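# Architecture at a glance
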Amino acid sequence: MQGSGPSQDVLSDVLRSIRFSGSVQFCFMPSGDWKTDPKASLRSIGAAGNIIPFHIVVHGECWIRMKDREFSAGEGDVLVFPFGAPHDLGSGNGSTLINPISDLPARPWRELPVVRYGETATPTRILCGYLNCDALDFRPMRAALPDVIHVRTKSSNEAAWLRAALKQIVLESDQPRPGGLSMLERLTEIVFIEILRHQILMTPPEAAGWLAALTDPALARCLALLHDAPERNWTVNRLSAAAGLSRSTLMERFETKLNTSPMRYLRDWRLCLASIALATTVKPIASIAEQAGYGTEAAFNRAFSRAYGLPPAAFRRQARKAANAAV
């Protein structure tokens, strides 16, 4: 990676603008031959919106099966599923079917719930949960993420900080204190951000996509400008001058790395910010439309509907309904 300053600035701008809500929901400790029930769903315990499930293997090992692959995970591994891709976890031949989600105690929880299966003295221990992340509504970022992110913290020199965060999560789980569940939520967010930073560091220079663009100093500088002042009346000429690139080089870099143009990228970011404003504020839609760079509310309605499948007013109602259901 050629310098981390601009990359971190863009990532910080995106994550600062986007809502996070996450928590380690439960711990399950199976032993022997076992397999999780493929019908289990985090939605049954109140997960709503753009949820990103994750598993942290605290002790032992297991296998993970997805539609097109199978791989193993061991102690210290973190598994993140940005789009909630269906998957099973298990050990051995998976002869015993378990459903930790359905076996959880009724909410609310004062402490992290633990579900145990089997009698073995040293069972596998896995922390499970989800992160609700509006970042998935930002199309360039969404397109850059794989179906599963698997980080082996014990064997990665670049994951030292992540190992420390996981150690703190385990400590908060094992030694409950007042405010522990809230602390786990914050730690979950930190782990997700650190995993994104890890992905950037691991992205090869020849790769394409949003994370790869952050490793290109000139592109990262250009993206930082767009994210720092999305309301500005940007043009390709202004951006190319500010980024120190010719107009044609800037356009080529965007198409090669991001499969979009600078102006389409700016439009996507403005609409993403508008979706957050609709979901989290009571600002009039006309005001949000103006802030997103649209001269009329009607033009904003058309653009937003194309991007999100719903007009702004309906999107706001749906977001509020989801937020109320998650409480």
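Residues numbered from 1 in each chain as written. Predicted model: local features only at pLDDT ≥ 70, side-chain atom pairs only at ≥ 80, totals over all residues. Heavy atoms only, no water.

### Points about the packing of helix α8 (residues 247-258) against helix α9 (residues 262-280)
Running from N to C, α8 and α9 point in directions that differ by 60°, and their axes come no closer than 9 Å. Comparing the axis directions of α8 and α9 gives the class oblique. Side by side, α8 and α9 meet where L250, M251, F254, E255 and L258 of the first sit next to P262, R264 and Y265 of the second. Of the residues assigned to the contact of α8 with α9, the class counts are six nonpolar, no polar and two charged. (Axes fitted to C-alpha atoms, helices over the stretch in contact; angles between N-to-C directions. Helix = DSSP H or I, 4+ residues; strand = E, 2+ residues; numbered from the N terminus. Parallel < 35°, antiparallel > 145°, perpendicular 65-115°, else oblique. Contact = heavy atoms within 4.5 Å. Nonpolar A, V, L, I, M, F, W, Y, C, P; charged D, E, K, R; others polar.)

### Remarks on the packing of helix α3 (residues 160-174) against helix α4 (residues 180-202)
Running from N to C, α3 and α4 point in directions that differ by 160°, and their axes come no closer than 10 Å. One element, α3, and the other, α4, form an angle in the roughly antiparallel class. Crossing hand, α3 versus α4: left-handed. Counting all contacts with α3, which are made through W161, L162, A165, L166, Q168, I169, E172 and S173, the residues of α4 involved are G180, M183, L184, L187, I190, V191, E194 and I195. Considered class by class, the residues forming the contact of α3 with α4 number 11 nonpolar, three polar and two charged. (Left-handed = near helix turned anticlockwise from the far one by under 90°.)

### Observations concerning the sheet that holds strand β8 (residues 97-98)
Hydrogen bonds between backbone atoms are what pair the strands of a sheet, whose relative direction is either parallel or antiparallel. Spatially, β5-β4-β7-β2-β8 is the arrangement adopted by the five strands of the open sheet, whose pairing is mixed. If you trace the sheet from one side to the other, it starts and ends with β5 (69-74) and β8, each paired once. Pairing between strand β2 (residues 34-36) and strand β7 (residues 88-91): two bridges, direction antiparallel. Directly across from K35, in β7, lies its bridge partner G90. (Pairing = 2+ DSSP bridges.)

### Brief notes about α8
If you check α8, its first and last C-alpha atoms are 16 Å apart, about what 12 residues at 1.5 Å a residue would give, namely 16 Å. When we look at burial in α8, the residues that qualify are L250, F254, K257 and L258. Buried residues of α8, seen end-on, are gathered within an arc of 90° and therefore sit on one face of the element. Opposite the buried face of α8, by more than 90 degrees, sit the exposed residues S248, E252 and T256. (Expected span 1.5 Å × (residues − 1). Buried < 20%, exposed > 50% of the residue type's maximum accessible area, 1.4 Å probe, protein only. Arc of directions from axis to C-beta.)

### Points about the pattern of salt bridges
A full pass over the atoms with the stated rule returns 12 salt bridges. The shortest N-O distance in the salt bridge between E70 and R65 comes to 3.1 Å. One salt bridge in this structure joins E189 and R186, with 2.8 Å as the shortest N-O distance. Taken as a pair, E189 and R186 lie in helix α4 at a separation of three residues, close to a single helical turn. With relative accessibility at 15%, the residue E189 sits in the buried group. Connected through shared salt-bridge partners, R139, R267 and D268 make up one network. (Salt bridge = Lys/Arg side-chain N within 4 Å of Asp/Glu carboxyl O.)

### A word on the side chain of S31
Note on placement: S31 falls in the loop between β1 (20-29) and β2. A polar atom in the side chain of S31 sits 3.1 Å from the backbone oxygen of Y117. (Polar contact = N/O pair within 3.5 Å; in protein donor to acceptor, adjacent residues only side chain to side chain.)

### Observations regarding the nonpolar core
Counting residues in each nonpolar core, the largest one holds 71 residues, and the members touching the most others are W210, L223, F254 and F300. Ranked by residue count, the leading element in this core is α9, at nine residues. When residues no more than four places from it in sequence are discounted, the contact partners of F254 are L219, C222, L223, L226, N259, T260, S261, P262 and Y265. Counting 25 residues, the second-largest nonpolar core is a separate cluster that includes L89, Y117, C128 and V148. (Core = buried A, V, L, I, M, F, W, Y, C linked by side-chain atoms within 4.5 Å.)

### Concerning the packing of aromatic side chains
Scanning the entire structure with this criterion turns up 11 aromatic pairs. Summarising the aromatic geometry, the rings of F138 and W210 are spaced 6.2 Å apart at their centres and angled 90° between planes, so their arrangement reads as edge-to-face. Taken together, the positions of F138 in the loop between β10 (125-133) and α2 (139-144) and W210 in helix α5 (residues 210-213) put the pair 72 residues apart, joining distant regions of the chain. The same class applies to F138 and to W210, which are both buried. Each ring, one from Y294 and one from F300, has its centre 5.8 Å from the other, and the planes form 55°; the classification is tilted. Each member of the pair, Y294 together with F300, is buried. Ring pairs connect the aromatic residues F138, W210, F254, Y265 and W269, which therefore count as one cluster. The residue whose ring lies beneath R65 is W63, and the NZ or CZ to ring-centre distance is 3.7 Å. (Phe/Tyr/Trp six-rings, centres within 6.5 Å; stacked < 30°, edge-to-face > 60°. Lys NZ or Arg CZ within 6 Å of the ring centre and 35° of its normal.)

### Here's the deal with the environment of G94
The residue G94 is located in the loop between β7 and β8 in this model. Counting along the chain gives 31 residues from G94 to W63, while the straight-line C-alpha distance between them is 9.7 Å.

### A word on the pairing of strand β11 (residues 149-152)
Only one face of β11 is covered, namely the one carrying I149 and V151; the face carrying H150 and R152 has none of its residues buried. Judged from the four bridges that link them, strand β6 (residues 77-80) and β11 form a sheet pairing that is antiparallel. In the strand pairing of β11, L79 is matched with H150.

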